[in-house]
Amino acid sequence: MQALWMVLGAFFFATMAVGIKIASGSFNTFELVFYRGVVSVIFMSVVLRTRHISIRSPVPLMHAWRSLIGVSSLGAWFYAIAHLPLATAMTLNYMSGVWVAAFIVGGAVMYGKAERQGPLMATVLAGFAGVVMMLRPTLEQNQLFAGLIGLLSGLGAALAYMQVTALGKAGEPEGRTVFYFSVGSALAGLVGISFTGLTPWSTVHWQAAVWLIPIGVLASLGQWCMTRAYSRGSTLLVANLQYSGIVFAAFYSLVLFGDQIALLGWAGMALIVASGLAATVLRTRTIPNTPAEEH
């Protein structure tokens, strides 16, 4: 099933996050965004050339909009991470799945087809409940503005995912979509570096430096899988399966960084897995493929 590409993409993103956690000890956020974008541009250029896919697109404005909202969402998420507890920032960003579900169900209501989306909407909400159980977010009164920015990061991510779906329906190859987003990320990182400056390489730890290339490659692979999932699979099902990234991240934290997972966290993880399985079953057995959802 095409939507299962989201699970593979979530694995790549979680693995990339390990590299970012290590590299962030030597590089600032804008540097990481820039290096990630540059490596991804080079990697995707080679992939597109090998697959004989031109970078010229008949819908450049659609790519520009996807890059703009995607990079804006990324910037909002980084701001939330800097000013909120990590668990809170991640939870607000992962509300993108709920926003996607709201957009889909809202559209279905307008066209009189809401009853077809209800069960999948329930699985998305259950998956998000699992995320909250795992991350247990908190928010202080003086963090309300940062919380709003974090909420907007999830909304921006949802809009970006919907635009990816639109690009898929327009016939754009996944590789080209990832390429242009990588260009946007590199440019955004470069703009940020112009204000913050570059970290002297003499102060960079070698463990951080060796992660720069894997971060870019993993970002490309994750974006490619996510793009394929959203452009070819059921949007609500993909929105649910993206929560699997939290499960992968939790295991990395446990095995590599010695973080402990509370009993409630394990219960939340189980709920995420169960909701993903339920969504898969509903999509394959209850709701047949339709031109509106499949490319």
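I will try to describe carefully the structure that is included in this document. (Residues numbered from 1 in each chain as written. Predicted model: local features only at pLDDT ≥ 70, side-chain atom pairs only at ≥ 80, totals over all residues. Heavy atoms only, no water.)

Per the secondary structure count, the protein includes 13 helices and zero strands. Each helix (α) and strand (β) of the protein, taken in turn from the N terminus, gives the series α-α-α-α-α-α-α-α-α-α-α-α-α. By the burial criterion, 49% of the 295 residues in the protein qualify as buried. Here the protein displays about 13,900 Å² of accessible surface, and carbon together with sulfur accounts for 71% of that area. (Helix = DSSP H or I, 4+ residues; strand = E, 2+ residues; numbered from the N terminus. Buried < 20%, exposed > 50% of the residue type's maximum accessible area, 1.4 Å probe, protein only. Areas by Shrake-Rupley, 256 points an atom, 1.4 Å probe, with all protein chains shown as cover.)

The next point concerns helix 1 (residues 5–23). Relative to the 27 Å expected for 19 residues at 1.5 Å per residue, helix 1 spans 27 Å between its end C-alpha atoms, a close match to the ideal helical length. Among the residues making up helix 1, those that are buried are Met 6, Gly 9, Ala 10, Phe 12, Ala 14, Thr 15, Met 16, Val 18, Gly 19 and Ala 23. Buried residues in helix 1 make contact with helix 2 (29–50), helix 9 (206–209), helix 10 (212–232), helix 11 (235–241) and helix 12 (244–256). (Expected span 1.5 Å × (residues − 1). Contact = heavy atoms within 4.5 Å.)

All chains considered together, the criterion is met by two salt bridges. The salt bridge partner of Glu 172 is Arg 176, with a shortest N-O separation of 2.8 Å. Of the two residues, Glu 172 and Arg 176, neither departs from the other in class, the shared state being buried. With a shortest N-O distance of 3.5 Å, Glu 174 and Arg 228 are connected by a salt bridge. (Salt bridge = Lys/Arg side-chain N within 4 Å of Asp/Glu carboxyl O.)

What follows deals with the nonpolar core. Core analysis: the largest hydrophobic core is formed by 35 residues, its most contacted members being Met 6, Val 100, Val 131, Tyr 230, Tyr 243, Ile 246 and Ile 272. Looking at this core, the elements that each hand over two or more residues are helix 5 (96–110), helix 6 (114–135), helix 7 (144–169), helix 10, helix 11, helix 12 and helix 13 (263–286). With near-sequence residues (within four places) excluded, Ile 272 lies in contact with Gly 127, Gly 130, Val 131, Met 134, Tyr 243, Ser 244, Ile 246 and Val 247. Residues Ala 23, Phe 27, Ile 193 and Leu 212 belong to the second largest nonpolar core, which totals 15 residues. (Core = buried A, V, L, I, M, F, W, Y, C linked by side-chain atoms within 4.5 Å.)

Moving on, we come to the packing of aromatic side chains. What the rule picks out here adds up to eight aromatic pairs. Each member of the aromatic cluster is reached from another via a ring pair, and the members are Phe 11, Phe 12 and Phe 248. In this structure, Arg 66 is placed above the aromatic ring of Phe 181, and the distance from its NZ or CZ to the ring centre is 4.1 Å. Taking NZ or CZ as reference, Arg 228 lies 5.0 Å from the ring centre of Trp 5, over its face. (Phe/Tyr/Trp six-rings, centres within 6.5 Å; stacked < 30°, edge-to-face > 60°. Lys NZ or Arg CZ within 6 Å of the ring centre and 35° of its normal.)

Once that is clear, we can look at the environment of Arg 66. With respect to the helices, strands and loops of the structure, Arg 66 is situated in helix 3 (residues 60–83). Residue class for Arg 66 comes out buried when judged on its relative accessible area of 3%. Discounting chain neighbours no more than four positions away, the residues touching Arg 66 are Ala 160, Gln 163, Val 164, Leu 167, Thr 177, Phe 181, Gln 223 and Met 226. In this structure the side chain of Arg 66 is engaged in a polar contact, spanning 3.2 Å, whose partner is the side chain of Gln 223. (Polar contact = N/O pair within 3.5 Å; in protein donor to acceptor, adjacent residues only side chain to side chain.)

Our focus in this paragraph is the packing of helix 1 against helix 12. It is the contact of helix 1 with helix 12, at a shortest axis distance of 8 Å, that shows an interaxial angle of 35 degrees. Seen along the crossing, helix 1 lies across helix 12 with a hand that is right-handed. Of helix 12, the residues touching helix 1 (which contributes Val 7, Ala 10, Phe 11, Ala 14, Thr 15 and Val 18) are Ser 244, Gly 245, Phe 248, Ala 249, Tyr 252 and Leu 256. Here the residues of the contact of helix 1 with helix 12 sort into nine nonpolar, three polar and no charged. (Axes fitted to C-alpha atoms, helices over the stretch in contact; angles between N-to-C directions. Left-handed = near helix turned anticlockwise from the far one by under 90°. Nonpolar A, V, L, I, M, F, W, Y, C, P; charged D, E, K, R; others polar.)

Let us now look at the packing of helix 1 against helix 10. Here helix 1 crosses helix 10 at 155 degrees, and the two axes come no closer than 8 Å. Here helix 1 is positioned roughly antiparallel relative to helix 10, judged by the angle of their axes. You can see that helix 1 and helix 10 cross each other, and the crossing is left-handed. Mapping the contact onto sequence places Trp 5, Met 6, Leu 8, Gly 9, Phe 12, Phe 13, Thr 15, Met 16, Gly 19, Ile 20 and Ala 23 in helix 1 and Ile 215, Leu 218, Ala 219, Leu 221, Gly 222, Gln 223, Cys 225, Met 226, Arg 228, Ala 229 and Tyr 230 in helix 10. Across the contact of helix 1 with helix 10, the residue classes break down as 16 nonpolar, five polar and one charged. (Parallel < 35°, antiparallel > 145°, perpendicular 65-115°, else oblique.)

Next up on the list: the environment of Leu 135. Locating Leu 135 in the fold gives a position in helix 6. Leu 135 sits 127 residues away from Ala 262 along the chain, and the two C-alpha atoms are 9.9 Å apart.

One non-glycine residue, His 52, lies in the positive phi region at around 55 degrees. Tracing the backbone through its elements, the reader meets His 52 in the loop between helix 2 and helix 3. With relative accessibility at 74%, the residue His 52 sits in the exposed group.

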